[in-house]
Amino acid sequence: MISQHLNDRITRIAPGTPAGAVLRQYWQPAALVDELAHGPLVPVNLLGERLVLQQGAQGLELATRVASPEEAPTHYPASDAIQIDPTGPVYPTETRAGLVFAYLGDGAPPPFPAFDCFRAPDTHVFAFKGLWECNWLQALEIGIDPAHASFLHRFLEDEDPADSYGKQFRDKAGATEIPMTKLLRDYPRPEIKVDETDYGLKITALRHMENGHTHVRVTNQIFPEAICIPMSREMTITQWHVPVDDQTCYWVTVFTSFDKPVNKDLMRAQRLKEHRLPDYAPLKNRRNDYHYDPAEQAALTYTGMGLDINVHDQWAVEGMGRIQDRTQEHLGRSDVAIIRYRRMLRRMMDALEQGDRAALPMHGAGAAGILGPLSNDAIAETADWQAVSRAADLARRAACPWDATV
Amino acid sequence: MTAATPQAKGWVQIATLADLNRPRPLIPVTLAGRRLVLFRDDEGQLGLIGRHCPHRGADLCYGRLEDNGLRCPFHGWHFNRTGQCVEQPAEPEGSRMHEQIRIPMVPVREVDGAIWAQVGVELEQAAAAETEA
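Worth saying up front: this structure is predicted, and the values here are computed from it rather than measured.

Quick look at the sheet that holds strand 6 (residues 99–102) of chain A now. All names here are of chain A. Sheet architecture is open: six strands sit in the order 1-6-5-4-3-2, paired in antiparallel fashion. Whereas interior strands pair on both sides, the edge strands pair on one side only; in this sheet they are strand 1 (28–32) and strand 2 (42–46). With strand direction ignored, the average angle separating the axes of adjacent strands in the sheet is 35°. Summarising the sheet, strand 3 (residues 49–56) and strand 4 (residues 59–64) pair through six bridges and their orientation is antiparallel. Bridge pairing in strand 4 links glutamine 55 to leucine 60.

Printed below as a string of structure tokens:
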């Protein structure tokens, strides 16, 4: 449990708030490149500000637009209905990995680290996003919680991993024939290790199996509001939880392939089927009970909300309320990465309030040279898990058609 | 929303037995502004407990009715009809943390085809009284 004061401090992101100041010190995904087809002016609702992408003298820039206070958080006006507010700030942008990033902070923007999603060629990345009607922090916290996958995403039966393209947790585990769904179900008590790194946190979930073997799943928290996790043996997910306002956020994901070019048409079609445009709101949501089916919950999935794990996550985080009431929570050992993350966020808010911008991750010299992060599944003899996890990552990188060396 | 009970001070009708006559006997209930969940366990007994999981706040209206109680789909925390947490399957083997975890509970009873709940007492106090009884 934490105090209401602290909960407010770590969740609120409008201009002038301590957490908002930390987020503004990093490049934020403002729009998908796909959205530029909307017209010359593309609305952007980001960090409590009402903004618009437009072509400026220096290329694409993020200006301020005139907006009524009654606008819905994700209001998305037609290009010709947008009026620029010339008194508002104008922010720089950079286009990477199918996303338009914007920098809303003071001072010079930090460099982009050399993460895999930024090194891979355009053929090997695909970006998409989706709306969650809740605060960004609870959206992030489910992504740094390795235990929940054994429950929330439990499938009571396993699909054929051959049908798994573009889907999370449907591949085989490591170099075995065991479906990930079975492994997660059979070993629900991961031992979780958290290491602070130059980009955020490395989170290792160890699932100790019967025969002296251990399943090693490495995921990452990339400060301040992203995660990098394995999706399949072929792809990783780098996902930002970007605040629209205090009560609304987008997950914005780059899928990065270490093997074949991404089948973008298939990936896009799979996801557009579950969302509406232009606001990328999911078709399953709290207004239709996430299509909850008690019979399915009894027989097929843990939630009764279908096979798309995004919907499970969405239900979990939206069901907490628009801003989770952390004065009522009881964190356990499985929440160790959440505890470590909040500690880090508080330290960085304090540092920024002291004017110590250089204390923030990826703000120092060498930030542009940060590689990786390692993000994969492996199965090892228990004594060797660290070496095997590392070797599995290096093998994937060595076979990668683009330069993924570390 | 609810009618005053003719039987005893502080009890109000919150549902009928027919409301729970379904394959998954669980419904959300709002009582005195508090969001609760009413369910029937495997022994046929009623539980009326707080709607949010005390772990990270997930909505127990979508919980799994199994093992004679209600299980949160987020991390499998399992609660009996008094709101006591009886299992935390993601916590380390041998963990006793669950003994300290309890969801506020409101006393509930069935009378003549109706389900009644006791109000006028803070829900946490009601839960404490139930423990001592």
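Here the UniProt-annotated "domain: LigXa-like C-terminal" (unreviewed entry) positions come out as residues 109–359 of chain A. Its end C-alpha atoms 15 Å apart, residues 109–359 of chain A is made of 25% helix and 26% strand.

Moving on to the confidence of the model for chain B. Residues and elements named next belong to chain B. Taken residue by residue, chain B gives an average pLDDT of 88. The fraction at 70 or more is 83%. Per-residue pLDDT stays below 50 along residues 126–133; that stretch engages in twelve contacts with residues further than four places along the chain or on separate chains. Taken over the whole predicted complex, pTM reads 0.95, whereas the ipTM for its chain interfaces reads 0.95.

Attention now moves to the pairing of strand 12 (residues 226–230) of chain A. Residues and elements named next belong to chain A. Of all five residues in strand 12, five are buried, a share of seventy percent or more. Side chains Ala226, Cys228 and Pro230 project from strand 12 onto one buried face, and the interleaved Ile227 and Ile229 project onto a second face that is buried too. In terms of strand pairing, strand 11 (residues 213–222) meets strand 12 through three bridges, oriented antiparallel. By the bridge assignment, isoleucine 222 is partnered in strand 12 with alanine 226. The antiparallel hairpin formed by strand 11 and strand 12 contains three residues in its connecting segment. Pairing of strand 12 with strand 13 (residues 235–245) involves five bridges; the strand directions are antiparallel. Across the sheet, residue isoleucine 227 finds its bridge partner in strand 13, namely glutamine 239.

With that settled, the discussion passes to the nonpolar core. One finds Ala30, Val44, Val125 and Ala139 of chain A together with Leu48 of chain B to be the most contacted residues of the largest nonpolar core, which totals 129 residues. The residues that make up this core include at least three from each of domain 1 (27–109) and domain 2 (111–398) of chain A. Leucine 48 of chain B has contacts with Val29, Leu36, Leu38, Met105, Val106, Val108 and Ala117 of chain B, leaving out every residue within four places of it along the chain.

The rules we used
Residues numbered from 1 in each chain as written. Chains lettered and ligands numbered in written order. Predicted model: local features only at pLDDT ≥ 70, side-chain atom pairs only at ≥ 80, totals over all residues. Pairing = 2+ DSSP bridges. Helix = DSSP H or I, 4+ residues; strand = E, 2+ residues; numbered from the N terminus. Axes fitted to C-alpha atoms, helices over the stretch in contact; angles between N-to-C directions. UniProt positions renumbered as here; feature names shortened; annotations may be inferred. pLDDT = per-residue confidence, 0-100. Contact = placed C-beta atoms within 7 Å. Buried ≥ 20, exposed ≤ 12 C-beta atoms within 10 Å, placed from the backbone. Core = buried A, V, L, I, M, F, W, Y, C linked by C-beta atoms within 7 Å. Domains from an automatic or database assignment.

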